[in-house]
Amino acid sequence: MRMINDDLFIEINEGNVVILGPNLERFSDSGRIEPCWAPVFYNPAMKMDRDISICVLSAFQKLIGKRLKICEALSATGVRGLRYAKEVGNVEKIFLNDVNSLAYNLIKINVLKNGLSEKVTVFHTDANVLLAYFARRGRRFNVVDIDPFGSPVPFLDNAIRAVENKGLLCVTATDLAPLMGVYKKACLRKYGAYSIKTEFSQEIGLRILIGYIARTAAKYGVGITPLFSYYRRHYMRVFAQVRIGKKLADKSLSEIGYLAFCPKCGRIIVQKSMFFKKDICEKCEKEMEIIGPLWLGKTGIREFIKDVINFYQTRKNILEKKGLILLSRILEEIELPPYFYTTSYITRKYNFKREPSLSALVNKLKMRGFKASLTHFSSKGFKTNASISDIVEIFKLLQNI
Ligand code: SAH
């Protein structure tokens, strides 16, 4: 263990654990800090996700009422899994794993450091080998968490197979450039979906990811129900309950479809069908762009999200205002259409002089009888069931205020 000394590795406090992790400054280049440059990965920017994940797992434990057997197949320092062990109630057992030997040794040290030897078992193998081994009746986990850097695609098949009936699959994606249409071909290769770079690409990306999880699960006769999903900064995260059953798989496939988007006027049409049809924009008489296949169903369940918020609020040592705002936006928008607009986009596209305030706009839409909300996807974004022409009319009214 010569590599591990006070300088290259330091003690890090996060939530209720203390871990030995990389001293990121020692692995920086000209002042730039990239967590993946360290020999073992630790990203402080993901703390909020780990906080939220703890609340999601707590809400899930409450939902199923069972003691949890959890597998975090890509653990790095182990911080996530160790926090689950300490901070989620009713955890029976946690399996941590990393293919990198330095990470494996570090996880073992961190297990000891936090007095968790009874609850945690550490593996040193390929995540797919581990997950495939546990993918049998009687061995499966209540929760499988796939939190890689980059795409979760290489691990999804075995992760789904390793979750027991009614268990929870947690997935992170940080390959946002393909998912959000910057690298269209990479999105097609990895997710078998067509994405575009536009104002609401954050939501397109999240829905392509969920759609891909649903299609992968369907191959094994498994259906999924997203309980909670979100986008933040450089990552997307999906928490889906899996249910074994061919009919359930068919049901979740029926939530997949396409969006048709007119780049000229901003019109969006939802096509809830496994096969897309070409759509012509009735106003511009131009062929619309097709996005998908993607998940068109709900990205979370209202009651479940409320529970997540309750857990977040009661945990005084993790509670942050920005976290609470994020969670309340996710709740607010959950029943609205599967896309959003931004005030800057409409202002630009329709040459308005003034960009209206979001709150005035949402209020006006509601006063006119439409559904409307802010969205966690973008600070300038709003969701509504009003058509693009109704939105433009309301923008006109707001110019004179
Ligand atoms: N979940 C961690 C971050 C994990 S980073 C956290 O919350 O902090 C991804 C980790 O996956 C890295 O440590 C890397 O070594 C490991 N990894 C990459 N490919 C793997 C594979 N095929 N099997 C197991 N571990 C792998």
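Check the entry above for the structure.
A quick note: this is a predicted structure, and the numbers were derived from the prediction, not measured.

Chemist: Mind showing me how you'd approach the site of the ligand here?
Modeler: Neighbouring the ligand are 18 residues; E72, R80, D98, A127 and D147 lie closest to it. Between the ligand and the protein, one listed contact pairs an oxygen atom with a side-chain N or O atom of D98 at 2.6 Å. Within the contact set of the ligand, a nitrogen atom lies 3.3 Å away from a backbone nitrogen or oxygen of V99. In the complex, the protein chains occlude 88% of the 580 Å² of accessible area that the ligand would expose alone. For the shell around the ligand, the residue count by class is eight nonpolar, four polar and six charged.

Chemist: How should the pairing of strand β12 (residues 289-295) be read in this particular structure?
Modeler: A regular strand places its side chains on the two faces of the sheet in alternate fashion. Of all seven residues in β12, six are buried, a share of seventy percent or more. Two strands pair when backbone bridges link them, and strand β10 (residues 256-261) and β12 are joined in this way by five bridges, in the antiparallel orientation. Residue pairing for β12: G257 is matched across the bridge by L294.

Chemist: Explain helix α4 (residues 127-134) here, please?
Modeler: Count 3.6 residues to each turn of an α-helix, and residues three or four apart come out pointing the same way. Buried within α4 are the following residues: A127, N128, L130, L131 and F134. All buried residues of α4 project into a common sector of 160° when viewed along the axis, lining one side. Turning to α4, the residues buried within the fold contact β3 (68-72), β4 (91-97), β5 (120-123), β6 (141-146) and α5 (153-161). At the N-terminal end of α4, a side-chain oxygen is found 2.8 Å from the backbone nitrogen of N128, two or three residues along, and the residue is D126.

Chemist: Can you help me understand the environment of V163 in this one?
Modeler: Among the secondary structure elements, V163 is positioned in strand β7 (residues 163-173). C-alpha of V163 to C-alpha of I244: the two residues are 81 residues apart in sequence and 9.6 Å apart in space. Setting aside chain neighbours within four positions, we find V163 in contact with R140, F141, N142, V144, L168, L169 and V242.

Thresholds, definitions, all that
Residues numbered from 1 in each chain as written. Predicted model: local features only at pLDDT ≥ 70, side-chain atom pairs only at ≥ 80, totals over all residues. Heavy atoms only, no water. Near = heavy atom within 4 Å. Polar contact = N/O pair within 3.5 Å; in protein donor to acceptor, adjacent residues only side chain to side chain. Areas by Shrake-Rupley, 256 points an atom, 1.4 Å probe, with all protein chains shown as cover. Nonpolar A, V, L, I, M, F, W, Y, C, P; charged D, E, K, R; others polar. Buried < 20%, exposed > 50% of the residue type's maximum accessible area, 1.4 Å probe, protein only. Helix = DSSP H or I, 4+ residues; strand = E, 2+ residues; numbered from the N terminus. Pairing = 2+ DSSP bridges. Arc of directions from axis to C-beta. Contact = heavy atoms within 4.5 Å.

Interpretation in functional terms is not warranted from these geometric data alone.
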